[in-house]
Amino acid sequence: MKKEDIHLSDWNRILFGDAPVAFTLEVVVRTVLIYFIFLLIMRLMGKRMNAQLTITELAVMVTLGAIVAVPMQIPNRGLLPAVALLLLVLFLQRGLNWLAVKRRKVEVVLQGDVTILAKNGVLQIDKLQQERVSHEQLFAQLRAEKVTHLGQVKRVYMEADGSFSVFKLTPPVPGLTVLPEQDDRLRRTQPPAPDQKTCNYCGYLATPTDHAGNRCPNCGQQQWVAAVQ
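Now for a look at the structure at hand.

Definitions and limits used
- Residues numbered from 1 in each chain as written.
- Predicted model: local features only at pLDDT ≥ 70, side-chain atom pairs only at ≥ 80, totals over all residues.
- Heavy atoms only, no water.
- Helix = DSSP H or I, 4+ residues; strand = E, 2+ residues; numbered from the N terminus.
- Buried < 20%, exposed > 50% of the residue type's maximum accessible area, 1.4 Å probe, protein only.
- Contact = heavy atoms within 4.5 Å.
- Arc of directions from axis to C-beta.
- Disulfide = S-S within 2.5 Å.
- Salt bridge = Lys/Arg side-chain N within 4 Å of Asp/Glu carboxyl O.
- Core = buried A, V, L, I, M, F, W, Y, C linked by side-chain atoms within 4.5 Å.
- Polar contact = N/O pair within 3.5 Å; in protein donor to acceptor, adjacent residues only side chain to side chain.
- Axes fitted to C-alpha atoms, helices over the stretch in contact; angles between N-to-C directions.
- Parallel < 35°, antiparallel > 145°, perpendicular 65-115°, else oblique.
- Nonpolar A, V, L, I, M, F, W, Y, C, P; charged D, E, K, R; others polar.

Details of the overall build of the protein
In step 1: A count of helical and extended segments in the protein gives eight helices and six strands.
In step 2: Starting at the N terminus, the α and β elements of the protein follow one another as α-α-α-α-α-β-β-α-α-β-β-α-β-β.
In step 3: Put simply, the protein has 229 residues, and 28% of those count as buried.
In step 4: Long-range contacts, defined as pairs at least 24 residues apart, comprise 52% of the intrachain contacts of the protein with a sequence gap of at least 6.

Here you go:
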């Protein structure tokens, strides 16, 4: 379109574009057809597509969106090519899932693997950095599970789909608080563990000599605070 063809008073072009006015009704029909075809394809892909998405499933969703957008709105594009592409993506997704079930290495490459972010009250700093998870992101997940300090944590797993699984330690041991610094009043209600320090960076529970001016043996930091229980 040339710039001289653009006029702010041209409401027909603004509202309907270059296509005939009758194409508006056709867009409605196209959208309804694509919508139900899309629902059918999603149903055939299985229940996993309704849960949190893995990397491959997210790629499928983006691809599906790109496929269905064009035939709904462009008048010179038919529906059959889009349906063919939807079916192709369906068979590709189901085929990759079948291959992932058969071969563990393929599953890890396509869908990722579980990562242990915390063990027995101690953060695995290298894993947090690998997964690009900040302390506060992890602490938020722990608070959602009614965890107030790391001594209550046996394991924290980051699943392949990006969700977190928290297993609690019974009985709990003293550990690093996960309550936010802004809530100082609530933090003061946590009873301190007598004569026990914990690393303020990774939650490592120190021996009596660890925090005497020494670096944390787990993460190398020198940020010792009183452990809570």
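Here we look at helix α7 (residues 135–144)
In step 1: Looking only at α7, the buried set comprises L138, F139 and L142. Angular distribution of buried residues about the axis of α7 spans 100 degrees; they occupy a single face of the element.
In step 2: The secondary structure elements touched by the buried residues of α7 are β1 (115–119), β2 (122–123), α6 (125–131), β3 (153–158) and β4 (164–168).
In step 3: K146 sits one or two positions beyond α7 and adopts a positive phi of about 65 degrees.

Let's talk about the state of the cysteines
In step 1: Scanning the model with the defined rule gives zero disulfides in all.
In step 2: Summary of cysteine pairing: C202 is not part of a disulfide, and the nearest cysteine sulfur, belonging to C216, is at 3.6 Å.
In step 3: Note on C202: relative accessible area 0%, which makes it buried.

What to know about the environment of K127
In step 1: With respect to the element layout, K127 can be found in helix α6.
In step 2: Assessed through its relative accessible area of 31%, K127 is described here as partly exposed.
In step 3: In this structure the C-alpha to C-alpha distance between K127 and M158, which are 31 residues apart in sequence, comes to 9.7 Å.
In step 4: Excluding residues that lie within four positions of it along the chain, K127 makes contacts with T115, I116 and L117.

Describing the pattern of salt bridges
In step 1: One pass over the structure, following the stated rule, counts three salt bridges.
In step 2: The shortest N-O distance in the salt bridge between R104 and D113 comes to 2.8 Å.
In step 3: Judged by its relative accessible area of 46%, R104 is partly exposed.
In step 4: A salt bridge links E136 to R143, with the nearest nitrogen and oxygen atoms 3.6 Å apart.
In step 5: Among the residues examined, R143 registers a relative accessible area of 27% and is labelled partly exposed.

A word on the nonpolar core
In step 1: In terms of nonpolar packing, the biggest core is built from 23 residues, with L123, L138, L142 and V156 touching the most fellow members.
In step 2: Listing elements by their share of this core, those giving two or more residues are β1, β2, α6, α7 and β3.
In step 3: Apart from the residues lying within four places of it in its own chain, the contact partners of L138 are L117, L123, L128, V133, V156 and F164.
In step 4: Grouped together as the second largest cluster of nonpolar side chains are eleven residues, I41, L64, A82 and L86 included.

A few points about the side chain of H149
In step 1: With respect to the helices and strands, H149 occurs in the loop between α7 and β3.
In step 2: Classification of H149 by relative accessible area gives buried; the value is 3%.
In step 3: A polar contact of 3.0 Å, which involves the side chain of H149, links it to the backbone nitrogen of G151.
In step 4: Contacts of H149, omitting those with residues within four sequence positions, involve V173, P174, G175, L176, T177, V178, Q190, V228 and Q229.

Details of the packing of helix α4 (residues 80–102) against helix α5 (residues 104–111)
In step 1: It is at 5 Å that the axes of α4 and α5 come closest, and there the two elements cross at 130 degrees. Classed by the angle they form, the pair α4 and α5 counts as oblique. Of α5, the residues touching α4 (which contributes L96, N97, L99, A100 and K102) are R104, V106, E107, L110 and Q111.
In step 2: Of the residues belonging to the contact of α4 with α5, the class tally is five nonpolar, two polar and three charged.

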